[in-house]
Amino acid sequence: MQKTKRDQKIDAILSSTIQLLAEKGYADTSIVDIANHAKVYKSLLHYYFKDKEDLVSKALALRSNTMIQPAKEALSTVKSIDELVDGAISFFKRDMEQNPDFFGLIFETWCTARRSKRIKEEFNVGINQRTADIKEVLEGAAKQQLIGIQDPAELEGLAHIILALYHGIALQLIHNPDIGSNQRMWDRLRKILIAGLS
C-alpha cells in the first residue's frame, strides 16, 4: 500500500528529527531546523505535533517500533538457542548499519529526559516496551524449551540485561564504529548470551 502525501511528510519530519537530534542534540535542534531539513513549512510541524517534545517522543517511538517488529517476528520462529542468539546479533548489527542515527537519538533522549518530565515519561515507556518485547521473545523460546530459564521474573531480569547489553554496545559503536567489524567481540557476545540463556 502506497503512503499518502500526509504520511510521507510525517515520515520525512520524523526522519529529519532523528537525524538532526543525533547530530546536533536536543538543545541545538530547533523546529525550524527540522522543518528545513524535512523540506516542509514550520507550520506543518505545529499542525502534526504539539511541540518539540511531542515530535521527539513520536520519532523515537516510531523508529523503535519499526526496528523491533521484524526482529520479534523472525525470532519467534527459531528452532534452537543458537538460531535465537545468532538472529538477535544479526538484527542488532543490521540496526546499527541501517539506523545509526537512532542510537545517537536514544542517548540524546536519555540526556534530555533528565531535564524534561514529559520526555522522561516517554523515554521510560519506550524502555519498558522494549524490555517487554525482549521478554516476549524469551517467553516464546522458554515455551519451546529452547532456553533453560522458565521463571517469568528471571526472564524479565534477563530481558533488562539484554537491553542493557544492546544499549551499551550501541554506545561503544557510536564512539568507535570500527569495533563493529571485530568478529571476536561478536563471538564473545554470542558465548555470553548462550551461557546466560542455557
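Residues numbered from 1 in each chain as written. Predicted model: local features only at pLDDT ≥ 70, side-chain atom pairs only at ≥ 80, totals over all residues. Heavy atoms only, no water.

(A) Examining the nonpolar core more closely. The biggest cluster of nonpolar side chains holds 58 residues, and the ones touching the most others in it are Ile13, Leu45, Leu55, Leu84, Leu138, Ile147 and Leu197. At eight residues, helix α8 (residues 152-175) tops the list of elements feeding residues into this core. Among residues more than four places away in sequence, those in contact with leucine 138 are Ile147, Leu155, Leu158, Ala159, Ile162 and Leu197. (Core = buried A, V, L, I, M, F, W, Y, C linked by side-chain atoms within 4.5 Å. Buried < 20%, exposed > 50% of the residue type's maximum accessible area, 1.4 Å probe, protein only. Helix = DSSP H or I, 4+ residues; strand = E, 2+ residues; numbered from the N terminus. Contact = heavy atoms within 4.5 Å.)

(B) Structural view of the pattern of salt bridges. The full count for this structure, using the stated rule, is 13 salt bridges. The residue glutamate 53 makes a salt bridge to arginine 118 at a minimum N-O spacing of 3.5 Å. Within this pair, whereas glutamate 53 is found in helix α4 (residues 52-75), its partner arginine 118 is found in helix α7 (residues 117-143), the two being separated by 65 residues in sequence. On the basis of relative accessible area, arginine 118 is assigned to the partly exposed category, the value being 30%. A salt bridge links lysine 72 to glutamate 136; the shortest N-O distance between them is 3.3 Å. In this pair, lysine 72 is assigned in helix α4 and glutamate 136 in helix α7, connecting sequence segments 64 residues apart. In this structure glutamate 136 comes out as partly exposed when scored by relative accessible area, which is 46%. One network of salt bridges, in which partners are shared, links Lys72, Arg130, Asp133 and Glu136. (Salt bridge = Lys/Arg side-chain N within 4 Å of Asp/Glu carboxyl O.)

(C) Main features of the layout of surface pockets. Estimates place the volume of the largest pocket at around 830 Å³. Residue lining of the largest pocket: 39 residues in total, with Ile68, Arg130, Ile134, Leu163 and Tyr166 positioned closest to the centre. Among the elements that line the lining of the largest pocket, the one with the most residues is α7, at eleven residues. Partitioning the lining of the largest pocket into residue classes produces 28 nonpolar, six polar and five charged. (1 Å grid on protein atoms, 1.4 Å probe; cavity = no way out; pocket = protein on both sides within 12 Å on 5 of 7 lines; lining within 4 Å. Points joined across faces, edges and corners; volume = space filled by probe spheres on them. Nonpolar A, V, L, I, M, F, W, Y, C, P; charged D, E, K, R; others polar.)

(D) Representation of the packing of aromatic side chains. In total, this model carries four aromatic pairs according to the counting rule given. A ring pair is formed by tyrosine 48 and phenylalanine 49, whose centres lie 6.5 Å apart and whose planes are at 70 degrees; its orientation type is edge-to-face. Under the relative-accessibility criterion, tyrosine 48 is labelled buried at 18%. We classify phenylalanine 49 as buried; its relative accessible area is 5%. (Phe/Tyr/Trp six-rings, centres within 6.5 Å; stacked < 30°, edge-to-face > 60°.)

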